Every structure is written in C-alpha cells, then in structure tokens.
Amino acid sequence: MTEETQNKIEEKIKCEICDRTFANADGLASHNSAKHSEKIYKEKKSFPIKKIMNWAIFIVVVGLIVWGIIGLVNKNSADKTIIDESNLTFEAPIGAIHWHPHLTIKIDGEIFPIPANIGLAGAHMPIHTHETDGIIHMENNNPTKKTVVLGYFFEVWGKKLSKDCIFEYCADKGTLKMSVNGKENFDFENYFMQDGDEILIEYNSGVK
Ligand SMILES: [Zn+2]
Ligand SMILES: [Zn+2]
C-alpha cells in the first residue's frame, strides 16, 4: 500500500463533524449513529422543510398583497367617477356661482334617494346637498370646468357615473339614459350643469 492510498483511506474514515479518525468505515458509522444521529436527522430532514415552508408562506403572503392591491385599484377605477378635463369643451363660469340644478335618479322605475349633506362631512365642498330633495347646491367661489360638471357631484358623493354605468348598474345589462329639461342628453359625467336644470338619469335593467 502506497502512502497516498493510506492517506485517502484515513480521510474517508475521519468524522467530518468532530474530526475523530476511525480504523474502518464501520467504526465511523457507529460513531455517527451514536454521536451525531440528531444532527444528521435535523440537517437532512427538518432544515430544508422549514426553509421551503417559510418560502412558501412568504410567496403566498406577497401574492395575496399584490392580488389585493390590484383588486383594490381595479375596484376603485370601476366604482369611481373620473373626469378628464380635456374632454370638457365649454368655458368655466367666471366669478362666484350659487346654482341649484335638480337631480332625479330612477333605477327600474323607482326613485333612488339622494342623501342630504353629500360633500359637507369634513370639508365644505363647492358642490353638495343640504336636503334629500335632490337639489344640487353649486356654491363655488372659483368654479373650474371640472367642478361644474355632473360627474363632479358623483365624485364628491363617491359614486360612479359614466355613459356606461350609474352606480353598479351598467349599460351591458340594461339601458342607461339621461335627459336635461326633458331633452335627451349624452354628456353624462361631462354635463355642464346650469342653474335650475332638471336632470333625470334612468336605468332599466334587462331592456336593450
Ligand atoms: Zn350650501
Ligand atoms: Zn344652495
């Protein structure tokens, strides 16, 4: 037996955990099972499982957060009225206004109640209601194009109005129509309200 071979055999029967050397492989094996069985068990079994579990939980949690945020963003854009001022072709009134258009909403023939004090909780918005009479108060010292459209009232109210939907009622499942002073109007959220306007929005489900 050469010296090199002898070294290799010695390397093989050396315990890698505590550096003890053994006369033969059986000696090392019984030493391992006697002294290091717990450690071997832990390293081989529970360590990777725990790591995989932690990663799985981490991935699930991150996934849920991302899914929640995407859902919230989509829901918000679906529920809210978004006015694009570049769509508004009229000129904003100059100087302070105090106008009172009147709004009626009918869903399947039934009047949808418009609450009192919309736009008055906390900040006093330049568009608001005082009573449940459907009168929109446009009390505005510096009116801009955005703040005089019907959609701005819905934005302050926190409800949806577009040519496609009022609240959760959408034109894909019924008919959505709007009229101003008895004449059909197609401006919906972009309609520039005038003092004394009689605005009617009607949705009828199942009618196409
Ligand atoms: Zn007021
Ligand atoms: Zn008023």
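Placed above this text is the structure.
It should be emphasised that the depicted structure is a prediction, and the values quoted were computed from it without experimental measurement.

With respect to the overall build of the chain
Each helix and strand counted, the chain has 4 helices and 10 strands in total. Taken from the N to the C terminus, the helices and strands of the chain come in the order α-α-α-β-β-β-β-β-α-β-β-β-β-β. Per-residue burial over the chain gives 30% buried out of 208 residues. By sequence separation, contacts in the chain at least 24 residues apart represent 60% of the contacts at least 6 residues apart. Of the roughly 13,900 Å² that the chain leaves accessible, carbon and sulfur atoms contribute 57%.

Some thoughts on the coordination of the zinc ion (ligand 1)
The expected angle between donors at a tetrahedral four-coordinate metal is 109.5 degrees. At an octahedral six-coordinate metal it is 90 or 180 degrees. Protein-derived coordination of the zinc ion (ligand 1) comes from His 128 (NE2), His 130 (NE2), Glu 139 (OE) and Glu 139 (OE), at a distance range of 1.9 to 2.7 Å. Classification of the site at the zinc ion (ligand 1) rests on its 4 donor atoms, whose angles at the metal span 54 to 163°, yielding the label irregular. Taken as a pair, the zinc ion (ligand 1) and the zinc ion (ligand 2) lie 4.3 Å from each other. Overall, Glu 139 belongs to the partly exposed group, its relative accessible area being 25%.

Quick notes on the pairing of strand S5 (residues 137–140)
Two strands pair when backbone bridges link them, and strand S1 (residues 97–99) and S5 are joined in this way by 3 bridges, in the antiparallel orientation. Paired with Ile 97 across the two strands is Asn 140, which belongs to S5. As judged from the 2 bridges shared by strand S4 (residues 127–128) and S5, these two strands associate in the antiparallel manner. Across the sheet, the residue bridging to His 128 is His 137, located in S5.

Notes on the nonpolar core
Membership of the largest hydrophobic core comes to 33 residues, with the highest contact counts inside it found for Leu 103, Leu 150, Phe 154, Ile 166 and Ile 201. Residue assignment for this core shows that the elements contributing at least two residues are S1, strand S2 (102–107), helix H4 (150–157), strand S8 (174–180) and strand S10 (198–205).

Some details on the coordination of the zinc ion (ligand 2)
Donor atoms from the polypeptide that coordinate the zinc ion (ligand 2) comprise His 98 (NE2), His 100 (NE2) and His 137 (ND1), at 1.9 to 2.1 Å from the metal. In the primary structure, the donors to the zinc ion (ligand 2) are separated according to the pattern H-x1-H-x36-H. Exposure remark for His 100: the relative accessible area of 30% places this residue in the partly exposed category.

A closer look at the environment of Met 125
Within the element layout of this structure, Met 125 appears in the loop between strand S3 (110–111) and S4. As for Met 125 and Glu 139, which are separated by 14 residues in sequence, their C-alpha atoms are 8.2 Å apart.

Focus: the pattern of salt bridges
Following the criterion strictly, the structure yields 2 salt bridges and no others. Between Glu 155 and Lys 146 there is a salt bridge, with its nearest N and O atoms 3.1 Å apart. Glu 155 gets classed as partly exposed once you look at its relative accessible area, which sits at 30%. We note a salt bridge from Lys 163 to Asp 164, for which the minimum N-O separation is 3.3 Å.

Digging into the sheet that holds S5
As summarised here, the arrangement of the 3 strands in space is S1-S5-S4, forming an open sheet in which the pairing is antiparallel. The sheet is open, and its two edges are formed by S1 and S4, each paired on a single side.

Remarks on the state of the cysteines
A complete count under the given rule lists 1 disulfide for this structure. Through a disulfide, Cys 165 is tied to Cys 170; the S-S separation comes to 2.0 Å. A torsion of 110° about the S-S bond marks the disulfide between Cys 165 and Cys 170 as right-handed. A relative accessible area of 13% means that Cys 165 is categorised as buried.

Quick notes on the rules
- Along each chain, the written sequence defines residue order, and numbers are assigned to residues from 1.
- Think of it this way: whatever chain is written first is A, whatever ligand is written first is 1, and the rest follow in order.
- A pLDDT threshold of at least 70 governs which residues receive local features in this predicted model, and a stricter bar of 80 or more applies before side-chain atom pairs are shown or counted, although totals over entire chains, interfaces and linings include all residues.
- With hydrogens and water set aside, each side-chain value is computed from the structure's full complement of heavy atoms.
- Elements are defined by DSSP. Helices are runs of H or I of four residues or more, strands are runs of E of two residues or more, and each kind is numbered from the N terminus.
- Any residue under 20% of the maximum accessible area for its type is buried, any over 50% is exposed, and the rest in between are partly exposed; the area is computed with a 1.4 Å probe on protein chains only.
- Pairs of residues are marked as contacts when any of their non-hydrogen atoms sit within 4.5 Å.
- Method for areas: the Shrake-Rupley scheme with a 1.4 Å probe, in which residue coverage is limited to the protein chains shown.
- Only nitrogen, oxygen and sulfur atoms qualify as donors, provided they sit within 2.8 Å of the metal or within 3.2 Å for Na, K and Ca; with water excluded from the atoms, sites may seem incomplete.
- By the criteria applied here, four donors are tetrahedral when all angles lie between 85 and 135 degrees, four are square planar and six octahedral when opposite donors are over 155 degrees apart and every other angle lies between 65 and 115, and any other arrangement is irregular.
- By definition, two strands form a pair when at least two bridges between them are found by DSSP.
- The set of buried Ala, Val, Leu, Ile, Met, Phe, Trp, Tyr and Cys residues whose side-chain atoms join them within 4.5 Å is what this entry labels a nonpolar core.
- We count a salt bridge whenever a side-chain nitrogen from Lys or Arg sits within 4 Å of a carboxyl oxygen from Asp or Glu.
- In what follows, a disulfide is any cysteine sulfur pair within 2.5 Å.

In short, shape yes, function no, at least from these values alone.
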